[in-house]
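Read off the chains here:
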Amino acid sequence: TLQRINEAYDTLKDPQKRQQYDNPQPQYQFNTNTGFEDIFGRSQQRRNPPFTIQADINLEDVYTGKELIANYRLPSGRVETVSITIPKGVRTGDTMRYPGMGNDFVPGAPRGDLHVKINVLNHKEFNISGLDLTCTKKLNVFDLITGTNAEIHTPDGSRFSLKIPPKTQPDTTFNISGKGLPCGRTGRQGNVYVKIRAQIPKHIDDKLLAAINEYK
């Protein structure tokens, strides 16, 4: 945060507090490749810390990756507008690193990295569970009795005709293998699970209703 960066910068200017930062810190790391020396004669280099932003992407973007324009204000006050590439296969919580696009708060020091934390937005039809996706499909109860074909659209743009056999029970789950989310690290792809819900028609004519009662 800006407050933590300001505290770190004030500490660097205080000779007594500065000794506490001789060892590597999460925000600042020192090494011996520099042009100035401390009171012990050691060469040190100041480095700007990384700067973190969040990128919201759609579920469909996980399949393809995404080019996006990021706008963010650095602690120095400078506003950055950069084009970044989000690779396919990312998931919520993943952090992408873009060198040299982060903080420039410490004068004369190399710029920090830009860290982009990924957040995959909720989808109106599919829920995410690891690499797998789950959804529900409502079907006419008579279609469950006699059997039917249900059309399923997956977030990668694919269409499937899912065969529903006769006498399928409500809450039965079908599996579409290999059409879930891709994994950016291994290339493996999850599955899509379709849970069937029974839907009673709003309009049942008297003849059909009489036949059902007779069967009962």
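The structure presented is a predicted model; accordingly, all values stated were derived computationally and were not measured. Just so you know, the residues in each chain are numbered from 1, in the order the chain's sequence is written. At least 70 in pLDDT is required for a residue's local features to be given in this predicted model, at least 80 for side-chain atom pairs to be given and counted, and no such filter applies to totals for whole chains, interfaces and linings, which use all residues. Excluded from the side-chain calculation are hydrogens and water; included are all heavy atoms of the structure.

Between any two strands, at least two bridges found by DSSP are needed for them to pair. Numbered from the N terminus, helices here are DSSP runs of H or I no shorter than four residues, and strands are runs of E no shorter than two. With mixed pairing, the four strands of this open sheet are ordered in space as β8-β9-β13-β12. The two strands at the open ends of the sheet, each matched to only one other strand, are β8 (127–129) and β12 (173–176). In this sheet, neighbouring strand axes are inclined to one another by 30° on average, regardless of whether the strands run parallel or antiparallel. Here β12 runs beside strand β13 (residues 192–199); their pairing, made up of four bridges, is antiparallel. Residue pairing for β13: isoleucine 176 is matched across the bridge by valine 192. Helix axes are fitted only over the stretch in contact, all axes being lines through C-alpha atoms; the angle between N-to-C directions runs from 0 to 180 degrees.

With that out of the way, let us pick up the confidence of the model for the chain. For the chain, mean pLDDT is 82; residues scoring 70 or higher make up 79% of the total. A residue's pLDDT is the confidence the predictor assigns to it, expressed on a 0 to 100 scale. By definition, residues are in contact when any of their heavy atoms lie within 4.5 Å. pLDDT under 50 marks residues 1–43. Its contacts with residues more than four places away, or in other chains, come to 56 contacts.

On to the pattern of salt bridges, then. Should a side-chain nitrogen of Lys or Arg be within 4 Å of a carboxyl oxygen of Asp or Glu, the pair is scored as a salt bridge. By the definition in use, this model includes eight salt bridges. The partner of glutamate 80 in a salt bridge is arginine 111, with the nearest N and O atoms 2.8 Å apart. Here glutamate 80, found in strand β5 (residues 79–86), pairs with arginine 111, found in the loop between β6 (95–98) and β7 (114–120); they are 31 residues apart in sequence, far enough to count as distant. Between arginine 97 and aspartate 113 there is a salt bridge; the shortest N-O distance is 2.7 Å. Linking arginine 97 in strand β6 with aspartate 113 in the loop between β6 and β7, this pair joins segments that are 16 residues apart in sequence. Overall, aspartate 113 belongs to the buried group, its relative accessible area being 18%. Here the salt bridges share partners, and the residues they tie into one network are Arg78, Glu80, Asp104 and Arg111. Buried means the residue's accessible area, taken with a 1.4 Å probe over protein chains only, is under 20% of the maximum for its type, while exposed means over 50%, and partly exposed covers the values in between.

Moving on, we get to the nonpolar core. Within this scheme, the nonpolar core is defined by two criteria: the residues are buried Ala, Val, Leu, Ile, Met, Phe, Trp, Tyr or Cys, and they are joined through side-chain atoms within 4.5 Å. Ranked by internal contacts, the top residues of the largest apolar core, which has 38 residues, are Val116 and Ile118. Valine 116 has contacts with Ile53, Ala55, Ile84, Ile86, Asp94, Thr95, Met96 and Tyr98, leaving out every residue within four places of it along the chain.

Turning our attention to the sheet that holds β7. Spatially, the three strands line up as an open sheet ordered β3-β7-β6, and their pairing is mixed. Lying at the two open borders of the sheet, with one neighbouring strand each, are β3 (51–57) and β6. In this sheet, adjacent strand axes meet at a mean angle of 30° when their direction is disregarded. When β6 meets β7, the two strands line up antiparallel, connected through four bridges. The partner of tyrosine 98 across the bridge, within β7, is leucine 114.

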